[in-house]
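# Results of the structural survey
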Amino acid sequence: MHEARPQFDWKGSGLLSLKTFRNGRCLYEAGRGHFAVDESNYLLLNEGQEYSLHIDSSVPVESFCIFFPHGFVEDIHRSLQGSDLYLLEEPCKSSPLGAIEWIERTYPMGNQLGAFLDHFRHLVNQDAVDSWEKDELLHRLAVHMLGVHRDVKLEMDELGYVKRSTREEIYRRVYLGHEYMSAYFYQPITLAETAAIAHLSVNHFLRNYKKLFHTSPHRYLTELRLQAAKQILLGTDKSITDICYEVGFESLGSFSSLFTRRFHVSPSKLHSKR
């Protein structure tokens, strides 16, 4: 699916899907989660999940979203997990493994699935695929999704809890906070607010965030803001003061110091090189 719109709002539910966007940013609310999707990532949503999306841009934003038929990925999972004899005797039987409960979060476009999604989008944009090839591409995409799902399970193990259900629930909750920071880093959000979004105490959120991401929420949030400031500095004529507050910093002095330490050049010098 392709659309290019500068402003757009929608609410509803759908099939298992992957959401990608170019030339702008789309904000999603799904279940308890808040997600920002742009050129750097893609969003995975489960079948039947109710969600809303919001685009507010000065230029048209292009979307490319893949929707999988009911049971499609599960059947491919069956074909990968089942024995050759079983697959020969039951070639068309629905998967006995049940529905896969995917982790709803954003994933980097730089992973294998993201790269294949971008390749898929390019082929469709060029009108270079027929219905047969699209079906083959969907199968290959599903195999990559199962690989990502396996990797997520390994990430959960890093949390160290004995019970698998506990690892999974903590993982989901920490990611709620992580995605919230990613979506609203430019706003004056607080640690207590973020932990509440994750349905965890502040201490529990901090401890498990460090286990999962090997950094603190504050450092992650600061890096997001610094990277956003650098991009704006290189692309606009806005004043450094305006940029500082636009990306969420509370102090111009603190922003300048952090920026210089991170990029080994002051904001004013980088701004003057434009």
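Anything mentioned here points back to the structure above.
Description of the structure in this document. (Residues numbered from 1 in each chain as written. Predicted model: local features only at pLDDT ≥ 70, side-chain atom pairs only at ≥ 80, totals over all residues. Heavy atoms only, no water.)

One finds Leu-18, Ile-66, Phe-68, Leu-141 and Phe-259 to be the most contacted residues of the largest nonpolar core, which totals 65 residues. Ranked by residue count, the leading element in this core is helix H4 (residues 131–157), at nine residues. In contact with Leu-141, not counting residues within four places along its chain, are Leu-18, Ile-66, Phe-68, Leu-113, Phe-116, Leu-117 and Phe-120. (Core = buried A, V, L, I, M, F, W, Y, C linked by side-chain atoms within 4.5 Å. Buried < 20%, exposed > 50% of the residue type's maximum accessible area, 1.4 Å probe, protein only. Helix = DSSP H or I, 4+ residues; strand = E, 2+ residues; numbered from the N terminus. Contact = heavy atoms within 4.5 Å.)

Of the pairings in the sheet, the one linking strand S2 (residues 17–22) to strand S6 (residues 50–67) comprises six bridges and is antiparallel in character. Residue pairing in the sheet places Ser-17 in a bridge with Phe-67 of S6. (Pairing = 2+ DSSP bridges.)

Here Val-152 lies in helix H4. Here Val-152 falls in the buried class, since its relative accessible area comes to 3%. For Val-152, the contacting residues outside a window of four places in its chain are Ile-103, Arg-105, Tyr-107 and Tyr-171.

Within the secondary structure layout, Arg-121 lies in helix H3 (residues 112–125). Accessibility expressed as a relative area gives 10% for Arg-121, which makes it buried. Side-chain polar atoms of Arg-121 contact the side chain of Asp-118, separated by 3.2 Å. (Polar contact = N/O pair within 3.5 Å; in protein donor to acceptor, adjacent residues only side chain to side chain.)

What follows concerns the packing of helix H1 (residues 72–81) against H4. Closest axis-to-axis distance for the H1/H4 pair is 10 Å, and the angle between their directions is 75 degrees. One element, H1, and the other, H4, form an angle in the roughly perpendicular class. Seen from H1, the contacting residues are Phe-72, Val-73, Ile-76, His-77 and Leu-80; seen from H4, they are Leu-138, His-139, Ala-142, Val-143 and Leu-146. Classifying every residue of the contact of H1 with H4 by side-chain character gives eight nonpolar, two polar and no charged. (Axes fitted to C-alpha atoms, helices over the stretch in contact; angles between N-to-C directions. Parallel < 35°, antiparallel > 145°, perpendicular 65-115°, else oblique. Nonpolar A, V, L, I, M, F, W, Y, C, P; charged D, E, K, R; others polar.)

A few words now on a nonpolar patch on the surface. On the surface, a nonpolar cluster with roughly 200 Å² of combined accessible area is contributed by Leu-191, Val-202 and Leu-206. Within the secondary structure, Leu-206 sits in helix H7 (residues 202–213). (Patch = residues over 30% accessible without salt bridge, like charges linked within 9 Å, V, L, I, M, F, W, Y side chains within 5 Å. Areas by Shrake-Rupley, 256 points an atom, 1.4 Å probe, with all protein chains shown as cover. Salt bridge = Lys/Arg side-chain N within 4 Å of Asp/Glu carboxyl O.)

In this structure, the largest pocket occupies an estimated 1,000 Å³ of space. As for the largest pocket, its lining consists of 28 residues, and the residues nearest its centre are Arg-25, Asp-38, Phe-185, Ala-228 and Gln-231. Counting residues per element, the ones that place at least two in the lining of the largest pocket are strand S7 (106–108), helix H5 (164–184) and helix H8 (217–235). By residue number, the principal contributor to the lining of the largest pocket is H8, which donates seven residues. Each residue belonging to the lining of the largest pocket can be placed in one class, and the counts come to twelve nonpolar, ten polar and six charged. (1 Å grid on protein atoms, 1.4 Å probe; cavity = no way out; pocket = protein on both sides within 12 Å on 5 of 7 lines; lining within 4 Å. Points joined across faces, edges and corners; volume = space filled by probe spheres on them.)

Before going further, it helps to examine unusual backbone geometry. Its identity is not glycine, yet His-199 carries a phi of approximately 55 degrees, on the positive side. Inspection of the secondary structure puts His-199 in the loop between helix H6 (191–197) and H7. Look at His-199 and you get partly exposed, because its relative accessible area is 40%. A positive phi angle, near 60 degrees, is found at His-214, a position not held by glycine.

We now examine the environment of Ser-266. Note that Ser-266 resides in the loop between helix H10 (252–263) and helix H11 (267–272). Of the residues examined, Ser-266 reaches a relative accessible area of 18% and is grouped as buried. The sequence separation of Ser-266 and Tyr-51 amounts to 215 residues, and the corresponding C-alpha distance is 41 Å. Apart from the residues lying within four places of it in its own chain, the contact partners of Ser-266 are Phe-259 and Thr-260. Within the local environment of Ser-266, its side chain forms a polar contact with the backbone nitrogen of Lys-269, the two atoms lying 3.2 Å apart.

The next thing to look at is a negative patch on the surface. Taken together, the side chains of Asp-130, Glu-133, Asp-135 and Glu-136 make up a negatively charged region of the molecular surface. Inspection of the secondary structure assignment puts Asp-130 in the loop between H3 and H4. (Lys, Arg positive; Asp, Glu negative; His and termini not counted. Charge placed at Lys NZ, Arg CZ, Asp CG, Glu CD.)

Moving on to empty space enclosed by the protein. On inspection of all chains with the given rule, the structure shows one cavity of 30 Å³ or more. Considering only enclosed or pocket space, the largest cavity measures out at about 40 Å³ in volume. If you trace the largest cavity, you find it lined by Leu-44, Trp-102, Ile-103, Tyr-107, Met-145, Val-148, His-149 and Val-152. By residue number, the principal contributor to the lining of the largest cavity is H4, which donates four residues.

The next thing to look at is the pattern of salt bridges. Going through the model one piece at a time under the given rule, you end up with 13 salt bridges. Where Glu-246 meets Lys-238, a salt bridge forms, and the shortest distance between an N and an O atom there is 2.8 Å. Taking relative accessible area as the criterion, Glu-246 reaches 34% and is therefore assigned partly exposed. Looking at Lys-238, the relative accessible area reads 35%, which means it is partly exposed. Each of Arg-22, Glu-62, Asp-118 and Arg-121 takes part in a single network of salt bridges with overlapping partners.

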